[in-house]
Structure formats: C-alpha cells, structure tokens
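Single-letter residue listing:
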Number of protein chains: 2
Amino acid sequence: MQSPFVYRLKSLELLKAEDFEFAENLIANLDVVDPGMRIIEEGRLQKKIFFVLDGWAVKYKTLKDGNRQIVNFILPGDIIGLFAPLFQHAEHTVESIVSMKLGVFPADKLIETVQDAPRLALALAWKAGQDERILEEQIVSLGRRSSAKRMAHLFIELYRRLRLSGYTREQAVILPVNQLLLSDALGLSHIHTHRIFRELEKHELIERLPGRIILHNLSILASLADFDESYLEPISLSKASRAL
Amino acid sequence: MQSPFVYRLKSLELLKAEDFEFAENLIANLDVVDPGMRIIEEGRLQKKIFFVLDGWAVKYKTLKDGNRQIVNFILPGDIIGLFAPLFQHAEHTVESIVSMKLGVFPADKLIETVQDAPRLALALAWKAGQDERILEEQIVSLGRRSSAKRMAHLFIELYRRLRLSGYTREQAVILPVNQLLLSDALGLSHIHTHRIFRELEKHELIERLPGRIILHNLSILASLADFDESYLEPISLSKASRAL
DNA sequence: CGTATATTTGAAAGCTGTCAACACTTGTGG
DNA sequence: CCACAAGTGTTGACAGCTTTCAAATATACG
C-alpha cells in the first residue's frame, strides 16, 4: 500500500515499517465510488471509516431552507469519518465529486489496531489535529475575509493540500469543482461567486473548463489571499511526541 | 476530582472507576488565571494541555490587517490544546475572558495514560469529535445563516453546552461576553452586532448588563435560530465502541 | 432532440461595513 | 474628590457589498 495517506504519514518521520503493516492490515476492502455518491449521510449511523486513496469529495450540512454549506473538501490522503463511529448518527453528508477509490475498514478494527500500534494512533491524532486546523481556517475565511480573498484562499489551500499528499508539483492545478460547489463552500450566492470568479479570471489568475478550474500564477493568488501556510504543516510532530 | 469534564464523561456511560483515577492522575497541578490572560499563544510551541475546571475563554486567530476571528468559545469541561503538542507551533490564541481554574498536564503524560487506559483514550477521542462538530456548525453559521439567526444560534449553543457540562438548569443564562467579543465570534462589525443585538432585545429575548448578556425565553431564541441540537450529543458512543 | 444542470447578465433591493461623533463606565493619579 | 484616559456602547448617514429576481445561454446526457 503506497497510498497518499501513507505518503503523508511518511513525511511525519514517525512511523516505522511495522506501523505501515498495521496500516495496511486495517483496510478490509477497497471501494470504488462514482461521482455524486453519498459516502456518509447526515442522520445515519456510521460504522465504517474510509481512507481516500484517490478522488475528491465534499463534506456538507444541509439547512432547513434547503441551502447547504460545504464544511470541507476531502482529498486523496484524507480520512472520512474518523470520529463518526463514536456518535449515534452522522452530522454531515460526504459526497464524491469525482470517482473515488476508498480503503474501507470497520471502526472496531481501528480501536484494536490503535492499541497495538501507538505510533499509528499518534499519526491519526496528528491527522485529526490537522483537520481541525483546516476547519478553523475556514471559519476565519468565512468570518473575516472578503469574498475575493476567500476564494483565492480556498484555491491555494487546495493546491497546498494536494502537494502535501504527493499530488501535483505543477505550476498549474486543475480542481474538479464547478461554481455551484464553490459558492456552497464560500458561503456566497452562486451569482456573486460567478462575479468574483470573473475578477480573478480577468487578472489571469485562473482559467476555466466546464466544471473544472485551472489555477495559474499560484504565488500571486497566494499573496492576494494573504495566505499563511503555517496551518498546513508539512513535517512535524514536536519532540515531546517522538518519545514513543 | 468532580470537574465538569468528568461530569460530561460520566454521561457517556463508558468510563469505569479506574478510568477516573487515571484522569485524576493526569493533572499535574492546578492553575488559576485572571481574565484577559493568554493561555496559548499563536506561533508558540505548546507543550501543555489544559482541562477547564471553571471559567470561560475564547480561541481566536488574528489576521494581518489586525482583525480577529473567534473560532470557538471554551467552557468548563472543555480541553484546551489537546492536539497542540503534536505541532511545531500553535495556530491560534486562547485567552481567558473571566478568571479560570485549569487542570494542567504535560503532553507526554497524556500519551502514557492513554495507552494504559484505552477507555479514557476513547473518551478523549469522543471529545475531539464533539469539538469538530461544533466547529463545523460554526462554519454553517458563518456561511449560511443571517446575522440574527447566527447570533441566536450562538447563544443557544452556549446555553446547551453549559447544560451538558452540568452548569445551569435555569431558564435565564448569563454569558460573560460583550459586544466586541460577540462581533468577533459572529464575523460582523461591532456596529452591526449592536444593531442585531437591539433587535433581539426589543423582542425581550435577551437582556444586558455591562459586559454580560442574559438570555430569556430560550425556546423562542432556539426556534428563531432553527437550532437543531443533534450536533451536541448528550449521551452516546455507539455500540461498536462499547466493546472495550 | 429535449430535459436537467450549469453558466451568464442586468437591475433592484437589502444587508452590512465604514465614518464620525457622542455617551457611559471604570480605574488611575493628582 | 475631580480630571483624565481607556475601553465599551450608541447613533445616524452613507457607501459598498451581496443577494434576489428574472431571463437568456450554454452544456451534458439519454
């Protein structure tokens, strides 16, 4: 197994060969899902956990008035529903936006494994902490960044996250998202999303194909967004936790 | 130790007597902090973890332009910096808004303890999952709720969270927050925050003392906010995880 | 080819931020 | 006890951002 998840964990310089074995054994079976499938559904009991080996998904909540808010994008190397089995029902829906390859395993197996491989447990905790930081940055975006900065910020975040999982070393990145999806992630109307979109396009920072977005000129985008990459830590685990 | 944290964990019906002993032993010493003190500071290495035994704090990030966004409120029973020791530096600042009583312990002690008491580890994971849900709900608020609903939603959330930790059974709740704090949490200007504030006050849903807010008529506030309490789970841990 | 899904535009209405003052409270030092 | 400073709360007016409405164009898919 040389998944994006493992790639990402390797950069932690924490895990040893035996840990990777444990990680491998976790996965009971592989799942291929088509675009637009619901992997986790709001309100339902969720007993399985997924490693994203390939593909993109969005995690969102639906409001009574029918609006929805995308809470996070899910990329190769991410884990879907790590905490979900601890709760009676899922709070959000996770839906694929392209076809995906998932590693599937039941929650109780995780609990066992984690006990036998404390370093792996730590790596999972690290991943959970990383996800928390991403959510917090999204809160900052929605609360205090103008819509153009917000959009630029999201683009750069996605690009950086892809890189951290070993995808993309290019200067141009293709994101499989359309304007509706974007507006639900940015908390904007789709019409306003389109306007801002045009702005960035006019300055040749982005380009569009139907249902896809191409990022050019990532450094200008990043400075436009005041992007501070520190919340996406490439290599880490402080000394304290290397003790194991 | 009969802290709000333990109170909250008890409702999980997961921990046994021995686990509480472990939890007790975690705490190396108690800390009393004055209002306005920084418990965790953005950019600094963070090696300690804190249990909030009493008091309130806010967790926020500061932007280049000086603006700040409060990411979450921290209440009795919450844990400050659970994942922080896994990273090179803290991403946010945690600042007390009233005087607080904290249980302090070093990260490596947590790692040991967690290995010896897997049920406690599970309880911590549950707490992390609960925090994640709260962040996600905040994202939904900022992205898709009108400012009045957003404010009402925040108030009800704080009330519910206090109740879940054993605080407050009253129909009126006093929150130690002022309008500036509120505006930084809601992602609004302080002037607009004040306007919305007046709205709710006019309808006698809230009342004010300097630097404090009193909630009356919680049920009307909740329906105004379309508050769906399901993301704050009082008792849970699905069957799968009770195996231990 | 027709339907459903996206994208695009313009105009008007509504919400929210900024500006500029002013009032009130609290705590400090004289 | 008063004056003053700093922080917080209050108001009205206006500008600017964003949504909503309505309608026209693509584009994808069976």
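Residues numbered from 1 in each chain as written. Chains lettered and ligands numbered in written order. Predicted model: local features only at pLDDT ≥ 70, side-chain atom pairs only at ≥ 80, totals over all residues. Heavy atoms only, no water.

## Observations concerning the nonpolar core
Counting residues in each nonpolar core, the largest one holds 42 residues, and the members touching the most others are Phe 51, Phe 83 and Leu 110 of chain A together with Phe 51, Phe 83 and Leu 110 of chain B. Those residues in contact with Leu 110 of chain A that sit more than four places away from it in its chain are Leu 26, Ile 49, Leu 82, Phe 105 and Leu 124 of chain A. (Core = buried A, V, L, I, M, F, W, Y, C linked by side-chain atoms within 4.5 Å. Buried < 20%, exposed > 50% of the residue type's maximum accessible area, 1.4 Å probe, protein only. Contact = heavy atoms within 4.5 Å.)

## Here's the deal with the relation of the copies chain B and chain A
Under the fitted operation, chain B is carried onto chain A by 0.0 Å of movement along the axis and a turn of 180 degrees, and the coordinates agree to an RMSD of 0.0 Å. Interpreted geometrically, this transformation is the action of a two-fold axis. Comparing interface residues between copies, 98% of those in chain B also sit at the interface in chain A, which points to an isologous, same-surface contact. (Least-squares fit on C-alpha atoms with pLDDT ≥ 70 in both.)

## Describing the sheet that holds strand β5 (residues 68–74) of chain B
All names here are of chain B. The antiparallel open sheet is built from four strands, whose spatial order is β2-β7-β4-β5. Strands at the two margins of the open sheet, each flanked by one partner only, are β2 (38–40) and β5. Sheet twist, expressed as the mean angle between neighbouring strand axes with direction ignored, is 35 degrees. As paired strands, strand β4 (residues 57–62) and β5 are joined by six bridges and run antiparallel to one another. (Pairing = 2+ DSSP bridges. Helix = DSSP H or I, 4+ residues; strand = E, 2+ residues; numbered from the N terminus. Axes fitted to C-alpha atoms, helices over the stretch in contact; angles between N-to-C directions.)

## Remarks on the side chain of Arg 161 of chain A
Residues and elements named next belong to chain A. Within the secondary structure, Arg 161 is located in helix α5 (residues 147–164). Within polar-contact distance, the side chain of Arg 161 engages the side chain of Asp 78 at 3.0 Å. Residues within four places of Arg 161 in sequence aside, it is in contact with Asn 72, Phe 73, Leu 75, Asp 78, Ile 134 and Leu 232. (Polar contact = N/O pair within 3.5 Å; in protein donor to acceptor, adjacent residues only side chain to side chain.)

## Examining the packing of helix α6 (residues 179–186) of chain B against helix α7 (residues 190–202) of chain B
All names here are of chain B. One way to put it is that α6 packs onto α7 with a least axis distance of 9 Å and a crossing angle of 100 degrees. In terms of axis orientation, α6 runs roughly perpendicular to α7. Of α7, the residues touching α6 (which contributes Gln 179, Leu 180, Leu 182 and Ser 183) are His 190, Thr 193, His 194 and Phe 197. In terms of residue class, the contact of α6 with α7 is built from three nonpolar, five polar and no charged. (Parallel < 35°, antiparallel > 145°, perpendicular 65-115°, else oblique. Nonpolar A, V, L, I, M, F, W, Y, C, P; charged D, E, K, R; others polar.)

## A word on the environment of Lys 47 of chain A
Residue and element names in this part refer to chain A. Note on placement: Lys 47 falls in the loop between β2 (38–40) and β3 (48–54). Along the primary structure Lys 47 and Leu 26 are separated by 21 residues, whereas in three dimensions their C-alpha atoms are 14 Å apart. Leaving out residues up to four positions away in the same chain, Lys 47 has contacts with Pro 85, Pro 106 and Ala 107.

## Comments concerning unusual backbone geometry
Residue and element names in this part refer to chain A. In this structure, Glu 204 takes a positive phi of about 60 degrees despite not being glycine. Relative accessible area serves as the criterion here: at 61%, Glu 204 is assigned to the exposed category. Phi angles above zero are rare outside glycine, and Asp 226 is one such case at about 50 degrees. By secondary structure assignment, the location of Asp 226 is in the segment after α8 (218–224).

## Description of the protein's contact with DNA strand C
Every one of the 16 residues lining DNA strand C counts as a neighbour, but Gln 179, His 194, Arg 198 and Arg 208 of chain A together with Ile 191 of chain B are closest to it. Backbone sugar and phosphate groups make up 62% of those atoms of DNA strand C lying within 4 Å of the protein. Within the side chain of Arg 208 of chain A, an N or O atom sits 2.5 Å from a phosphate oxygen of DNA strand C. Contacts to DNA strand C include Arg 195 of chain B, whose side-chain N or O atom sits 2.8 Å from a base nitrogen. Put simply, the parts of the chain that give the surface near DNA strand C at least two residues each are α6 (179–186) and α7 (190–202) of chain A together with α7 of chain B. Of the residues forming the surface near DNA strand C, the biggest block, five residues, is contributed by α7 of chain A. Its residues placed into classes, the surface near DNA strand C shows four nonpolar, eight polar and four charged. (Near = heavy atom within 4 Å.)

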